[in-house]
Amino acid sequence: MTRHWIDELADELYNKLKLRNKEVYVFNGGLSVSGLQHVGRLRGEIIISETLRRILSSRGLKIKQYLTLYTQDSWKAKESQVKAFGEQGEGEKYAGWPLIKVPDPRGCHANWVEHYWADFGPFIKEFTDGEIEVITTTQLYQSKLIDFAKLTIEKRSKVREIINKYRGRKPYDESWIPFEPICEKCGRIDLTKAIKIIDEDHVEYVCENCGHRGISPLTNGKLMWRIEWVGVWWSLGVDFEPYGKDHAMPGGSRDSCVDLAVNVYNIKPPEGLPYEWVEWRTQDGRIMDMGSSDFLGFTPRDWLEVAHPHIYRFIVLKTPPMKKITVGLHEVPQYYNMYFKAERIYYGIEKASSEEEEVLLSRSYELSYPSGSPPKEPPEQVPYLHLAILSQIIPADKWGSEAISRLKASKHLSENITEYGARRILETIPRAYNWVMKYGTQDLRFRLNTIDESKKYASRIPSEVVSLLKVMYENLDTLSEWSENSIKEALMNVTSKLSKEEVKKLYEYFYLIIVGKPSGPRAAPLLALIGKEKTIQYFSTVLRKD
C-alpha cells in the first residue's frame, strides 16, 4: 500500500518517541534572524514539524512545539547586511555585535531582530494552527541556558576533547573557556576571549578588537554555537528537531552536537530530520538558494499578499524533505492550478495517473489546511488568472458585492455554491489583484475603455478588420449562453479561417477597442467576465464605421 512520505515519517517518529516514555514530547526548530526571513524557513522548522505534531497528536501523544531564535549570534556585517543601513560605513560599526543588539536600520523597531522578524513571525499562525511558542536564546540566557553554561564551564575539559575531534587543524588548548562575552566597550561578541573564571557566574575576558579587559556575567554573552545548540536541547528537553542539509554531513555539526549531548551532558539527542533548501526563481528566470543574511528570497508576508497559505503548505508537503523546492511569486497562478488538481483528486472528481500520485496529491491537499480539515463538499474552483482579470473589471469597493454574481453570469459558477467556495473566491480576488499589479505581465494588466474611448479606437480600424469584427459581433450577439466555452467557439469560427498574421492583426484591434492597447488577457475569459451587454456595446462601436 502506497503511503505519503510524512505518514511514513510519522510512524517512524511515533515509535522512537514512545521509547522515550515521556508525558509531553518537545519539538523544536531553530532560526537565526540574520536578515530577510524568507518563506524557505517555513519548510522544515515550522510546516513539516507542525504537520508531524498534528498527526502524532491525533494518535494520542502530547507534544509541545517551540521555535528558537538564535538572537545572541554575532552580526557578520556581510555586504548585503551593511547595505540595509544605506549610508556608507554606517552599518560596519555593528560588526560582531549580537543580532539582538544591532539597531533597526529603518528605525521602526527596537532592533535588527524585531525589524526582520516582523515580516515572518506574526504570519506563522497563518501557515499553521498557531500552536508554536517562539523563544529566543537571549531569553534562555536569562534562565535555563545559564545553568547549562555553568555546567559547560565545569565540564570544559571533556567538552574541549570532543569539540577538538571536529576542529581539525585548530584545536582548543587547555586554557580554553567555552564562553563568549559581549565586550562592554565596543559591543562585539565575536572577538572576545574568556581568559579566567572569576566565579560560577562571571568570567574575565579580553577583547581582541578593542583591547578592553573586563569581567562579564554569564547572562551577557553566549556559548560557542555547537555547545549552544546542545544547550537548547538540554534547556527545552527537545525530542525532535529538523535541521538544514548543511548540518547533516557525516562528521559535521549535527554529529558533533550528538557526540556532546551523549558523552558530556548525558542527554538523549533529539530525533532529527535533515531537509533541503528552498530555491527562489526570479522573474527573469534566475534560480538561487534563498538566504537570510544575503537577502535572497521573499517573506511570508509577501506570499500572503498574493496567495493563500494553503498553497505554500501544499508545495512543502508534496515534496519529500531532501528534495529541492523552487518557488517564485510570479508563478503563483501555476501553484493554484496544481493545488486545484490535487483538490479534484482528493474529492474523486479527477483520476490520478497512478496510485503514488493519488496518495501524494490527495494527502498533501488534506494536510494543506493550516487548521481544521477540508470541507465535506468540494469547493468551487475559479482559475486564479480569471480572478486577476475580474479584479480589474469590477471596482475594488464592489468585489464583495458583485464578484460572485458576475462569475455566475459567466457560468464559471453555478447558482448554488458552497460557503467555503464563495469565501475562498472572495479571499483570492484581492490577492490576485496584488499579484497582477506586482508580478503579472503587461498583457494581464489593463483598464477597460469607456465606450467613448472605444469609439475613438474603432474609427481607426482598417475596413478588412472591421468586417471580421462585425462577424465576431454577430456570432457573440446570437449566443444563447454567455460562457467562456461558447465565446471561445464564437471567436474561433472567425479566426480559424485566417492566417497567423491576420489573426494577430485582428486581435490587436480587438484589444484596442476593449482595453486601449494591442494586447490583453485571453479573449474568451475576458469577454465572459466583462459580460454580454458590455461586450456588445464595445463591438457596436465598430458597426458605426462604414
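The rules behind each value
- Every residue gets a number counted from 1 within its own chain, in the order that chain's sequence is written.
- Per-residue local features of the predicted model are confined to residues with pLDDT of at least 70, and side-chain atom pairs are confined, for both listing and counting, to 80 or more; whole-chain, interface and lining totals are unaffected and use all residues.
- Heavy atoms throughout the structure, all of them, feed into the side-chain values; hydrogens and water do not.
- In this description, a line fitted to the C-alpha atoms serves as the axis of each element, helices being fitted only across the stretch in contact, and the angle between N-to-C directions of two axes falls anywhere from 0 to 180 degrees.
- By the criteria applied, helices consist of DSSP H or I runs no shorter than four residues and strands consist of E runs no shorter than two, each listed in order from the N terminus.
- When describing relative orientation, an angle under 35 degrees is termed roughly parallel and one over 145 degrees roughly antiparallel, while 65 to 115 degrees is termed roughly perpendicular and anything else oblique.
- Should the near helix be turned anticlockwise from the far one by less than a right angle, the crossing is termed left-handed; should it be turned clockwise, right-handed.
- Throughout, a contact is declared for two residues whenever any of their heavy atoms are within 4.5 Å.
- For this scheme, ten residues count as nonpolar: Ala, Val, Leu, Ile, Met, Phe, Trp, Tyr, Cys and Pro. Four count as charged, namely Asp, Glu, Lys and Arg, and the remainder, Gly too, count as polar.
- When two rings of Phe, Tyr or Trp (its six-membered ring) have centres within 6.5 Å they constitute a pair, described as stacked for plane angles under 30 degrees, edge-to-face for angles over 60, and tilted for the intermediate range.
- Exposed residues in this analysis have more than 50% of their type's maximum accessible area, buried residues have under 20%, and partly exposed residues fall in between, with area computed by a 1.4 Å probe over protein chains only.
- Only when the NZ atom of a Lys or the CZ atom of an Arg is both within 6 Å of the ring centre and within 35 degrees of the ring normal do we say a charge sits over the ring.
- Following DSSP output, two strands are said to pair if at least two bridges run between them.
- A pair is scored as a salt bridge if a Lys or Arg side-chain nitrogen falls within 4 Å of a carboxyl oxygen belonging to Asp or Glu.

A.B. asks: Help me out: how do you make sense of the packing of helix 1 (residues 5–20) against helix 2 (residues 43–57) in this one?
C.D. replies: Helix-helix packing: each pair is described by the crossing angle between the helix axes and the interaxial distance. Where helix 1 meets helix 2, the axes come as close as 10 Å, and the angle between the chain directions of the two elements is 65°. In this view, helix 1 runs roughly perpendicular relative to helix 2, as classed from their interaxial angle. The handedness of the crossing between helix 1 and helix 2 comes out as right-handed. Along the contact surface, helix 1 presents Trp5, Ile6, Asp7, Leu9, Ala10, Leu13, Tyr14 and Leu17, while helix 2 presents Ile48, Thr51, Leu52, Ile55 and Leu56. Across the contact of helix 1 with helix 2, the residue classes tally to 11 nonpolar, one polar and one charged.

A.B. asks: Help me understand the packing of aromatic side chains in this model?
C.D. replies: Each pair of aromatic rings is reported with the distance of its centres and the angle of its planes. Tallied over the entire structure, the rule returns 34 aromatic pairs. Residues Phe298 and Trp303 carry aromatic rings whose centres are separated by 6.4 Å and whose planes lie at 15° to one another, so their mutual orientation is stacked. According to the relative accessible area criterion, Trp303 is buried, its value standing at 0%. An aromatic cluster is present here, built from Trp75, Phe85, Tyr94, Trp97, Trp112, Tyr116 and Phe295 joined pairwise through their rings. A cation over an aromatic ring shows up here: Arg167 above the ring of Tyr172, its NZ or CZ 4.0 Å from the ring centre.

A.B. asks: Even after reading the chapter, I still don't get helix 8 (residues 156–164), so can you show me in this structure?
C.D. replies: An α-helical turn contains 3.6 residues, so any two residues separated by three or four positions project in the same direction. When we look at burial in helix 8, the residues that qualify are Val159, Arg160, Ile162, Ile163 and Asn164. Among the structural elements, helix 7 (144–154), helix 9 (225–236) and helix 10 (253–263) are those in contact with the buried residues of helix 8.

A.B. asks: So what exactly am I meant to see when it comes to the sheet that holds strand 5 (residues 192–199) here?
C.D. replies: Within the open sheet, the three strands sit side by side as 5-6-7. Their pairing is antiparallel. A single partner strand is all that each edge strand has here, and the edge strands are strand 5 and strand 7 (213–217). Across the sheet, the mean angle from the axis of one strand to that of its neighbour is 30°, orientation sign disregarded. As paired elements, strand 5 and strand 6 (residues 202–207) share six bridges and run antiparallel to each other. The residue of strand 6 that forms the bridge with Lys193 is Val206.

A.B. asks: Just to check I follow, could you spell out the sheet that holds strand 11 (residues 278–281) for this structure?
C.D. replies: For sheets, the rule is that strands pair by backbone hydrogen bonds, running either parallel or antiparallel. Pairing in this open sheet of three strands is mixed, and the strands run 12-11-13 from one edge to the other. Looking along the sheet, the strands with just one partner apiece sit at the ends: strand 12 (287–289) and strand 13 (325–327). Strand-to-strand twist across the sheet, computed as the mean angle between neighbouring axes with direction ignored, equals 30°. Across three bridges, the pairing between strand 11 and strand 12 is antiparallel. Bridge assignment links Trp280 to a residue of strand 12, and that residue is Met288.

A.B. asks: I would appreciate a short explanation of the pattern of salt bridges in the present structure.
C.D. replies: Two side chains carrying opposite charge are able to pair once their charged atoms lie near each other. As enumerated under the stated definition, the model contains 41 salt bridges in all. With a shortest N-O distance of 3.1 Å, Glu453 and Arg447 are connected by a salt bridge. Two residues, Lys455 and Asp452, come together in a salt bridge whose shortest N-O distance is 3.9 Å. In this pair, Lys455 and Asp452 are both assigned in helix 18 (residues 451–458), three residues apart and thus about one turn of the helix distant. Salt bridges sharing partners connect three or more residues here, namely Glu12, Lys16, Arg20, Lys22, Asp239 and Glu271.

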